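A closer look at the structure
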Amino acid sequence: MGADAHIAGNSLPFLRVCRLTKHYVRRSGIARKRIPIAAVRGIDFEIAAGKTLALVGSSGSGKSTVARCVSRLERPDAGQIWVGDTDISRLGNHDLRSCRSEIQMIFQDAVTSMNPRFSAAQIIEEPLLIQGRGSKEDRRTRAQEIMSEVGLAPNSADRSVMEFSGGQRQRLAIARALALQPKLLVLDEALSGLDLSTEAQITNLLLDLQAAHSLTYLFISHDMALVAHLADAIAVISAGRIVEQGPTAQVISSPNHPETKALMAAANAFQKNYADVLGGSR
Amino acid sequence: MASVFNDDLVQIIDLTISYSLPGSAPVRAVDHASLEIHRGEVIGVLGESGSGKSTLAAAILRLLPPNAHYNDGSIMFRGGNLLALAEPELRRVRGKEISLISQDPALSLNPVIRVGDQISEVVQSHLAMSGSARRQHVEELLRAVGFELARQIYSAYPHQLSGGQRQRVGIAQAIACNPVLVIADEPTSKLDAALQAEVLILLSEIRKRHGTAFLVISHDPTIFSGFADRIVVMYAGRVVEEGKTADIFRRPLHPYTQALVRLSERHLGNARASRVRFPVIDGEAPDLTHIGIGCRFAPRCPERMQVCMSCDPRELTPEPFRRVSCFKYGS
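Keep in mind the model is a prediction, meaning the values are calculated, not measured.

Secondary structure assignment for chain B yields 11 helices and 11 strands. Based on the C-alpha atoms only, the size of chain B along its principal axes is roughly 70 × 55 × 45 Å. Per-residue burial for chain B yields a buried fraction of 46% across its 331 residues. By sequence separation, contacts in chain B at least 24 residues apart represent 64% of the contacts at least 6 residues apart.

Listed below in structure tokens is the structure:
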């Protein structure tokens, strides 16, 4: 029965976040009085294995704090983060090391998340080195494999990261995240700031990688239109709380909460103009 | 494309700009680009990174770094060539006649000076006004860009304002001396969608009220709908297409413009089915240090012909108020 229960466990969510809470402290005044600011106030969500949950909110809603807690760059003040049957919310640095290869994060601005003196290969090999995986040659081979998988020429492995274009750097960031064969990718505004054609290319790459490796995505964004395209489910966050969540089609077609409606309206703000331009003869 | 209008405000003719880089061939960022800006008109310059759109914008105000070289062409304004002006003369143009809204006001505003004083500084350099009149003028400007509590905002430091508020301060600064042309380089790309719409509405209002012309730079065609009169599309340093906004959206001619417009439609709410791959433009923009012969878009073009690889396309005028550089429409 024990083994069966474990197999049945496949229907369990891959990631389950319960009552997650995080405060930051601001020091204010001459006495540097500590003022706690609640960034995330007890939120719950879950993502099934191989699926994408989009966490959508406007600036300052707490969405990046959630991303940083789930990838354990921050230690939450309260609540649990279940990855399979392990709660990683309280783990110390030593125990986190093994869970880091399961969860990787991709940041908005790829270049500031990379050492400018590194070559592309060094960027990708670094997580392997830290985790003590393979020999020097193995790591090099693996770096080149991943580079071609994300659409970078393996013969550019020795070029410095500064020589790559914005889109290529974002591919490199994805390659680094994939080096340890993680199961969950946390993508914090990973596509914003990219050109339209680059954004489309990277979106397709993420969809292909998800299909090939059954990756689970936590996709943080403020762009409802983009999210509608690639997420299975949407959770809307406002002032540190999740105010609405559900399957993508449902949230998009019948948004309930004012915040969801505002985000939808923002995404559609240009649609009316566009219809006017196409319909009217100016 | 010689104009029959005499309402030309700025005429950019055959502008060519390159950057010299240590240990590398020069980068030709703008290559024989021509463009006219009429009085009170909103022009959108559409291009992706490396298209030369920001270099073009900064060149009008002569704000390029020292390693930039104006190799060829002219920028005519009020009967003179801006490229021939000396620094003191330029200073009388900058901020007074032509001003700039930057992409990120968090970087362009001085962090240790109250925002009101920073706007006041622009007024002081160009207009003869008493201190109290200037203060009043700045508060009016702040109200004009949508701040109800103009007095409080006047005394605020940039870090005390949100991104959207800072961008509005940047706009107030740009319109402080009622210029005839405002250049806005990606004015909304650091803002989220709701704030984007707000800023564009504000710019439209200013244009209606004062007849200010705008040159707006963006990589996203959607912001131009309902806002720009004309769109100029740049690719790899060249102007590849120009037309009225409605025509560009309704009937884009250049394969590159067609691809961009197709990509932007996704933003317009027809994304109901999830996990569907986007249509993409394969490949990347060319390396501007090694420009070969032929159309620059040819390596990525789905409609590439033999001639595209061996000859440079000429600029054609297939219809009035339209120009395109593509062999599909003749040679």
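The rest of the description comes next.
Another point: the overall build of chain A. The helix and strand inventory of chain A stands at 11 helices and 10 strands. Each principal axis of the C-alpha atoms in chain A carries an extent, and together these give about 60 × 60 × 55 Å. Within the span of chain A, comprising 282 residues, buried residues form 45% of the whole. For chain A, the share of sequence-separated contacts (at least 6 apart) that also reach a separation of at least 24 residues comes to 65%.

Residue and element names in this part refer to chain B. Looking at the secondary structure, you find Gly44 in strand S3 (residues 42-46). A tally of 25 C-beta atoms within 10 Å means that Gly44 is categorised as buried. Separated by 187 residues in sequence, Gly44 and Ile231 have C-alpha atoms that sit 4.6 Å apart. Not counting chain neighbours up to four residues away, the residues in contact with Gly44 comprise Val216, Ser218, Phe224, Ala228 and Ile231.

Another aspect to go through is the sheet that holds strand S8 (residues 213-218) of chain B. Residue and element names in this part refer to chain B. Strand order in the open sheet formed by seven strands is S6-S7-S8-S3-S9-S10-S11, with mixed pairing between adjacent strands. Two strands in the sheet have a free side with no partner beyond their single neighbour: strand S6 (98-101) and strand S11 (323-324). Two strands pair when backbone bridges link them, and strand S7 (residues 181-185) and S8 are joined in this way by five bridges, in the parallel orientation. The residue of S8 that forms the bridge with Val182 is Phe214.

Bringing the pairing of S7(B) into the picture now. Residues and elements named next belong to chain B. Counted residue by residue, S7 has five buried out of five residues, so it is predominantly covered. Burial of S7 is two-sided: the residues Leu181, Ile183 and Asp185 facing one way and the residues Val182 and Ala184 facing the other way are all buried. Handedness of the β-α-β unit built from S7, helix H8 (residues 193-210) and S8 comes out right-handed.

All names here are of chain A. Sheet architecture is open: four strands sit in the order S2-S1-S4-S5, paired in antiparallel fashion. This sheet does not close on itself; its edge strands, each paired only once, are strand S2 (33-47) and strand S5 (86-87). Alignment of strand S1 (residues 15-28) against S2, held across 12 bridges, turns out to be antiparallel. Within the sheet, the bridge partner assigned to Tyr24 lies in S2 and is Ile37.

Residue and element names in this part refer to chain A. The alternating pattern of strand S6 (residues 103-106) places Ile103 and Met105 and Gln104 and Ile106 on opposite faces, both of which are buried. Bridge count between S6 and strand S7 (residues 184-188): four bridges; the pairing is parallel. Bridged to Gln104 within S7 is Leu185.

Once that is clear, we can look at the packing of helix H4 (residues 120-130) of chain A against helix H5 (residues 136-149) of chain A. Residue and element names in this part refer to chain A. Direction vectors running N to C along H4 and H5 enclose 120°, while the axes themselves pass 9 Å from each other. Relative to H5, the element H4 is oriented oblique. Viewed along their axes, H4 and H5 form a crossing whose handedness is right-handed. Across from Ala120, Ala121, Ile124, Glu125, Leu128 and Leu129 in H4, the residues of H5 making contact are Arg139, Arg140, Arg142, Ala143, Ile146 and Met147. Looking at the contact of H4 with H5, its residues break down into eight nonpolar, no polar and four charged.

Counting residues in hydrophobic clusters, the biggest one holds 172 residues, and the most contacted among them are Leu53(A), Ala175(A), Leu218(A), Phe219(A) and Val227(A). If you tally residues by element for this core, the top one is H8(B), at seven residues.

To continue, consider the packing of helix H6 (residues 166-178) of chain A against helix H7 (residues 196-213) of chain A. All names here are of chain A. For the pair H6 and H7, interaxial distance at closest approach is 10 Å and the crossing angle is 20°. By the criterion of interaxial angle, the relationship of H6 to H7 is roughly parallel. Along this stretch, H6 crosses H7, giving a crossing that reads as right-handed. Together, Gly166, Gly167, Gln170, Arg171 and Ile174 of H6 and Thr198, Gln201, Ile202 and Leu205 of H7 make up the contact between the two elements.

An α-helical turn contains 3.6 residues, so any two residues separated by three or four positions project in the same direction. Residues and elements named next belong to chain B. Between its first and last C-alpha atoms helix H5 (residues 131-144) spans 20 Å; for 14 residues at 1.5 Å apiece the expected length is 20 Å, and the two agree. All of the buried residues in H5 are Val138, Leu141 and Leu142. Down the axis of H5, the buried side of the element spans an arc of 100°, and every buried residue falls inside it. The exposed set on the far side of H5, more than 90 degrees from its buried face, consists of Ser132, Ala133 and Glu140.

It is worth spelling out helix H1 (residues 53-60) of chain B at this point. All names here are of chain B. The complete set of buried residues in H1 reads Lys53, Thr55, Leu56, Ala59 and Ile60. An end-on view of H1 places all buried positions within 165° of arc, on one side of the element. Downstream of H1 by a residue or two, Arg62 has a phi angle that is positive, lying close to 55°.

To continue, consider the environment of Pro182(A). Residue and element names in this part refer to chain A. Relative to the assigned elements, Pro182 resides in the loop between H6 and S7. Classification of Pro182 by C-beta neighbours within 10 Å gives buried; the count is 21. Separated by 56 residues in the primary sequence, Pro182 and Glu126 place their C-alpha atoms 15 Å from one another. With residues up to four places along the chain from it excluded, the contact list for Pro182 reads Ser101, Glu102, Ile103, Gln104 and Ala177.

Residues and elements named next belong to chain A. Even without being glycine, Arg72 reaches a positive phi, approximately 55°. Inspection of the secondary structure puts Arg72 in the loop between helix H2 (63-70) and strand S4 (78-83). At Ser214, a residue that is not glycine, the phi angle is positive and equals roughly 50°. Judged by C-beta crowding, with 12 C-beta atoms within 10 Å, Ser214 ranks as exposed.

Scored by pLDDT, chain A comes out at a mean of 88, with 91% of its residues at no less than 70. Confidence over residues 1-10 of chain A falls short of pLDDT 50; this stretch has zero contacts with residues more than four positions distant or in other chains.

Residues and elements named next belong to chain B. On average, chain B scores 90 in pLDDT, and the residues at 70 or more come to 95%. Residue range residues 1-5 is modelled with pLDDT below 50. Its contacts to residues more than four positions away, or to other chains, number five contacts. Across the interface, the model reports ipTM at 0.80; the global pTM reads 0.85.

Cut-offs and rules
- Residues numbered from 1 in each chain as written.
- Chains lettered and ligands numbered in written order.
- Predicted model: local features only at pLDDT ≥ 70, side-chain atom pairs only at ≥ 80, totals over all residues.
- Helix = DSSP H or I, 4+ residues; strand = E, 2+ residues; numbered from the N terminus.
- Buried ≥ 20, exposed ≤ 12 C-beta atoms within 10 Å, placed from the backbone.
- Contact = placed C-beta atoms within 7 Å.
- Pairing = 2+ DSSP bridges.
- Right-handed = clockwise from strand over helix to strand, strands pointing away.
- Axes fitted to C-alpha atoms, helices over the stretch in contact; angles between N-to-C directions.
- Parallel < 35°, antiparallel > 145°, perpendicular 65-115°, else oblique.
- Left-handed = near helix turned anticlockwise from the far one by under 90°.
- Nonpolar A, V, L, I, M, F, W, Y, C, P; charged D, E, K, R; others polar.
- Core = buried A, V, L, I, M, F, W, Y, C linked by C-beta atoms within 7 Å.
- Expected span 1.5 Å × (residues − 1).
- Arc of directions from axis to C-beta.
- pLDDT = per-residue confidence, 0-100.

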